[in-house]
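Read off the chains here:
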Amino acid sequence: MNTLQDTKKLILTLLVTITLLLSVSAQAIVYTISNELNGNDVIAFDVSSRGNIKEIGRFDTQGLGTGTTLGNQSALTTDASDRWLFAVSPGSGEITSFRLQPDGLQFVNKVASGGSRPLSVTVFGTLVYVLNEGDGNSEDPALRYDNISGFRFTGGGILEPIPDSTRIIDLTQLTAPAQIGFNKSGTVLLITEKATNMLTTFVMQADDTPAVAPVKRSSFIPTPFGFSFGDRDYVFITEANNGGPGVTASYRIDRETGIVSNLIDSIDQGNATCWTVLSSDQTVGYATNTADGTVSLYRVNFDGTMEYFFSSGQDTPIPSGTGIRDAILTQNNQFLVTLNNGDSVIRGFFVNRTGAISPRGTAAIPASASGLIAR
């Protein structure tokens, strides 16, 4: 009898333990770059199962920041294998490669970015492409004008420049570029130009270099900024409207020609809509409105159209904090984290099963911090 009771107790204990393990969300780690004038660190934060955020380490890129906020998205990124992290150092014109480890980051190497000021970086396979802002003065066109430049990383994470991979975005003017990103098939690079209101694409060639000539089309409204690629070649782009009422606009990009379609849909959001991120199932989008300090939610349909998330028939933004900029979802889609330069914090939001968000913890960051990536 005692043996039977002991067995029942053991089974009950195991069931309770399994239930608790299933009910507790896995922890996540979020990274940003400090972008400080006297140095540039990747700062790592732990996001607990309750949404509390705590800094857990700083890792020197061995480069420099600018000491001021950047008009960019994707200042750092990880590869698909989640083994390597790449970060820009805009003050010294470099990119750094790190090995992701359970207890932090291990410096691998750094290389010149191929331009004056690297702002944004993207990865596909073993290819890394960086977006550089020109200085407007140098005799070398690659430094004077905005450009993109390519690298490969080895099995050990070492970055190596790709010969003849640098492409000037516009040889007549500076464009105030914001982001570079590969489409999901890795055949096209997209760049947003804030000053010229252009969406610029480069088709990738067999030797892993971009086509010599870009393909360009105008954005729906002024100031195209951040973007996220969805499935079926759709892309969702925040268009900030020179700081006025912004939108998220959807387009489709031909994976063979790089041609950006006419506008598919747009959805009104807050003032200076600048950054956006999509849920992993591509059904919910989150956009940050810098001038309002809010996050706008929207639903994404199979055909690339969008709807307001809430049933009110209009945008219903969620307060986040002053000077909100970048945003990222943790890989388990259970937390949204925003970068609030005005408040010098990152803020976490719990994401429920519908995609709705509710505020959780914060952690301090330098006012100059840029970019977010999660794992």
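This one's a predicted model, so the numbers in the text were calculated from it and none came from an experiment.

A. View of the overall build of the chain. In terms of regular secondary structure, the chain is built from two helices and 30 strands. On C-alpha atoms alone, the chain measures out to a radius of gyration of 21 Å, which is about the 21 Å that the 2.2 N^0.38 rule sets for 375 residues. Principal-axis analysis of the C-alpha atoms places the extent of the chain at approximately 90 × 50 × 40 Å. Each of the 375 residues in the chain was classed as buried or not, and the buried ones make up 55%. When contacts within the chain are restricted to residue pairs at least 6 apart in sequence, long-range pairs at least 24 apart make up 51% of them. Looking at the chain as shown, the accessible area adds up to about 15,400 Å², and 53% of this sits on carbon and sulfur atoms. Charge-centre separation for the chain: the mean point of 25 positive side chains lies 8 Å from the mean point of 35 negative side chains.

B. Examining unusual backbone geometry more closely. Even without being a glycine, D164 presents a positive backbone phi close to 55 degrees. Mapped onto the fold, D164 is located in the loop between β11 (159–161) and β12 (167–168). For T223, which is not a glycine, the phi torsion comes out positive at approximately 65 degrees. By the element assignment, T223 lies in the loop between β16 (215–218) and β17 (224–229).

C. Local environment of the pairing of strand β18 (residues 234–239). Among the six residues of β18, six are classified as buried, and the element is accordingly described as predominantly covered. Alternating residues of β18 divide into Y234, F236 and T238 and V235, I237 and E239, and every residue in both groups is buried. Pairing of β17 with β18, which is carried by four bridges, proceeds in the antiparallel orientation. Its bridge partner being in β18, P224 is matched across the sheet by E239. Between β17 and β18, which pair antiparallel and follow one another directly, the connecting turn spans four residues, one of which, R232, has a positive phi of 60 degrees. Pairing of β18 with strand β19 (residues 245–252), which is carried by six bridges, proceeds in the antiparallel orientation. The partner of F236 across the bridge, within β19, is S250.

D. Layout of the sheet that holds β19. The strand order across the open sheet built from four strands is β17-β18-β19-β20, with neighbouring strands paired in antiparallel fashion. Either end of the sheet is taken by a strand with one partner, and the two such strands are β17 and β20 (265–271). Neighbour-to-neighbour, the strand axes of this sheet turn through a mean angle of 25 degrees, independent of strand direction.

E. Fine view of the pairing of strand β5 (residues 84–89). With six of its six residues buried, β5 lies for the most part within the structure. What you see with β5 is no split at all: W84, F86 and V88 on one side and L85, A87 and S89 on the other are buried throughout. Here three bridges tie strand β4 (residues 76–78) to β5, and the two strands are oriented antiparallel to one another. Opposite T77, over in β5, you have F86 as the bridge partner. Here β5 pairs with strand β6 (residues 94–101) via six bridges, running antiparallel. What sits directly across from W84, in β6, is R99.

F. The arrangement of the packing of aromatic side chains in detail. Applying the stated criterion across every chain, the model contains eight aromatic pairs. Ring geometry for F227 and F229: centres 5.7 Å apart, planes at 85 degrees, overall edge-to-face. Considered together, F227 and F229 belong to a single accessibility category, that of buried residues. Judged by centre distance (5.9 Å) and plane angle (70 degrees), the ring pair of F335 and F350 falls under edge-to-face. Highlighted residues: F335 in strand β27 (residues 335–340) and F350 in strand β28 (residues 345–351), separated in sequence by 15 residues. Three or more aromatic residues link up through ring pairs in this structure, and these residues are F124, Y129 and F182. Between R232 and the ring centre of F302, over which it is positioned, the NZ or CZ distance is 3.8 Å.

G. Geometry of the nonpolar core. Y31, V42, L85 and I346 are the most contacted members of the largest nonpolar core, which has 42 residues in total. If we ignore the near neighbours within four places in the chain, the residues touching L85 are Y31, V42, L76, T77, T78, T96, S97, F98, L100, L105 and I373. With 15 residues, the next largest nonpolar core counts V284, L329, F349 and I357 among its residues.

H. Geometry of the pattern of salt bridges. Within the structure shown, the criterion is met by 10 salt bridges. The partner of K110 in a salt bridge is E94, and the shortest N-O contact between them spans 3.2 Å. Residue K110 is found in strand β7 (residues 104–112), and its partner E94 is found in strand β6; the two are separated by 16 residues along the sequence. The salt bridge involving D164 is made with R167; its shortest N-O contact spans 3.7 Å. Under the relative-accessibility criterion, D164 is labelled exposed at 60%. By relative accessible area, R167 is classed as buried at 6%. What you see here is one network of salt bridges that share partners, running through E36, E55 and R58.

I. Layout of the side chain of S165. In this structure, S165 sits in the loop between β11 and β12. In this structure the side chain of S165 is engaged in a polar contact, spanning 2.8 Å, whose partner is the backbone oxygen of I162.

What counts as what
Residues numbered from 1 in each chain as written. Predicted model: local features only at pLDDT ≥ 70, side-chain atom pairs only at ≥ 80, totals over all residues. Heavy atoms only, no water. Helix = DSSP H or I, 4+ residues; strand = E, 2+ residues; numbered from the N terminus. Rg over C-alpha atoms; globule rule 2.2 N^0.38 Å. Buried < 20%, exposed > 50% of the residue type's maximum accessible area, 1.4 Å probe, protein only. Contact = heavy atoms within 4.5 Å. Areas by Shrake-Rupley, 256 points an atom, 1.4 Å probe, with all protein chains shown as cover. Lys, Arg positive; Asp, Glu negative; His and termini not counted. Charge placed at Lys NZ, Arg CZ, Asp CG, Glu CD. Pairing = 2+ DSSP bridges. Axes fitted to C-alpha atoms, helices over the stretch in contact; angles between N-to-C directions. Phe/Tyr/Trp six-rings, centres within 6.5 Å; stacked < 30°, edge-to-face > 60°. Lys NZ or Arg CZ within 6 Å of the ring centre and 35° of its normal. Core = buried A, V, L, I, M, F, W, Y, C linked by side-chain atoms within 4.5 Å. Salt bridge = Lys/Arg side-chain N within 4 Å of Asp/Glu carboxyl O. Polar contact = N/O pair within 3.5 Å; in protein donor to acceptor, adjacent residues only side chain to side chain.

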